[in-house]
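The primary structure of each chain is shown beneath.
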Amino acid sequence: MLASLPDSARAWFFTADRQLAPTERTNLLESLSPFLREWQSHGRPVPAEATVLYDRFLIVGAHIDDDATNAGVSGCGIDAMTHAVMNAAEAVGVAWVDGLQIAYAQPDGTPCVVSRREFRALARDGIVDGATPVFVTTLATVGAVRSQGLRQPASDAWHGRTFRLAETA
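In this report, the structure presented in the accompanying data block is examined. Only a predicted model underlies this, so the values are computations on that prediction, with no experimental measurement involved.

This part covers the sheet that holds strand E5 (residues 57-62). What the 3 strands build is an open sheet, ordered E1-E5-E4; its pairing is antiparallel. If you trace the sheet from one side to the other, it starts and ends with strand E1 (10-15) and strand E4 (48-53), each paired once. Neighbour to neighbour, the strand axes of the sheet diverge by 20° on average, direction disregarded. For E1 and E5, the ladder comprises 6 bridges, and the chain directions are antiparallel.

Next up, the structure:
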């Protein structure tokens, strides 16, 4: 996953409003590819890659050498990437959900996206618990995605603390 990037590369997540078909995943990444090849931040090339995980989550990773002056991708560079991601999604006919939504795995493994209020109700009703897999789209680096995984038990993620989800066997 994002093999050409170091662990310290920044990661950005976009959650699709629905599952993507294989051709949609391919078309989304192909549509985004020209931008990623030419991406610059303050005139410096931004080495970047993108991938889709679980047919629902686009991850864009990027890295500018930590030793460079003003290391990292600038706000304008991030805005340009976000604009390119929006255009790629529009070309495929998919929308991105609000970043405050929570994604968890249904019993069959399919990602389901709900509001925080809905997730709290699911926790209260015992439908989700600490063992429920959640998709953690707040990880900051490619290395964190590699080491922790996008999909984690709720009790191991921020969801467990926020919604008081103890691990259940």
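Relative to the helices and strands, Val 134 is located in strand E8 (residues 133-135). Owing to a relative accessible area of 0%, Val 134 belongs among the buried residues under this scheme. Sequence separation of Val 134 and Ala 154 is 20 residues, and the distance between their C-alpha atoms is 5.5 Å. The contacts of Val 134, once residues within four sequence positions are left out, are Ala 103, Tyr 104, Phe 119, Leu 150, Arg 151, Gln 152, Pro 153, Ala 154, Ala 157 and His 159.

The next point concerns the packing of helix H1 (residues 22-38) against helix H2 (residues 75-92). Any two packed helices are characterised by the angle at which their axes cross and by the distance between the axes. The N-to-C vectors of H1 and H2 enclose an angle of 145°; their axes lie 9 Å apart at closest approach. As for how H1 packs across H2, the hand of that crossing is right-handed. Contacts between H1 and H2 pair Glu 24, Asn 27, Leu 28, Ser 31, Leu 32 and Phe 35 from the former with Ala 80, Met 81, Ala 84, Val 85, Ala 88, Ala 89, Ala 91 and Val 92 from the latter. For the contact of H1 with H2, a count of residues per class yields 11 nonpolar, 2 polar and 1 charged.

The rules behind the values
- Residues numbered from 1 in each chain as written.
- Predicted model: local features only at pLDDT ≥ 70, side-chain atom pairs only at ≥ 80, totals over all residues.
- Heavy atoms only, no water.
- Pairing = 2+ DSSP bridges.
- Helix = DSSP H or I, 4+ residues; strand = E, 2+ residues; numbered from the N terminus.
- Axes fitted to C-alpha atoms, helices over the stretch in contact; angles between N-to-C directions.
- Buried < 20%, exposed > 50% of the residue type's maximum accessible area, 1.4 Å probe, protein only.
- Contact = heavy atoms within 4.5 Å.
- Left-handed = near helix turned anticlockwise from the far one by under 90°.
- Nonpolar A, V, L, I, M, F, W, Y, C, P; charged D, E, K, R; others polar.

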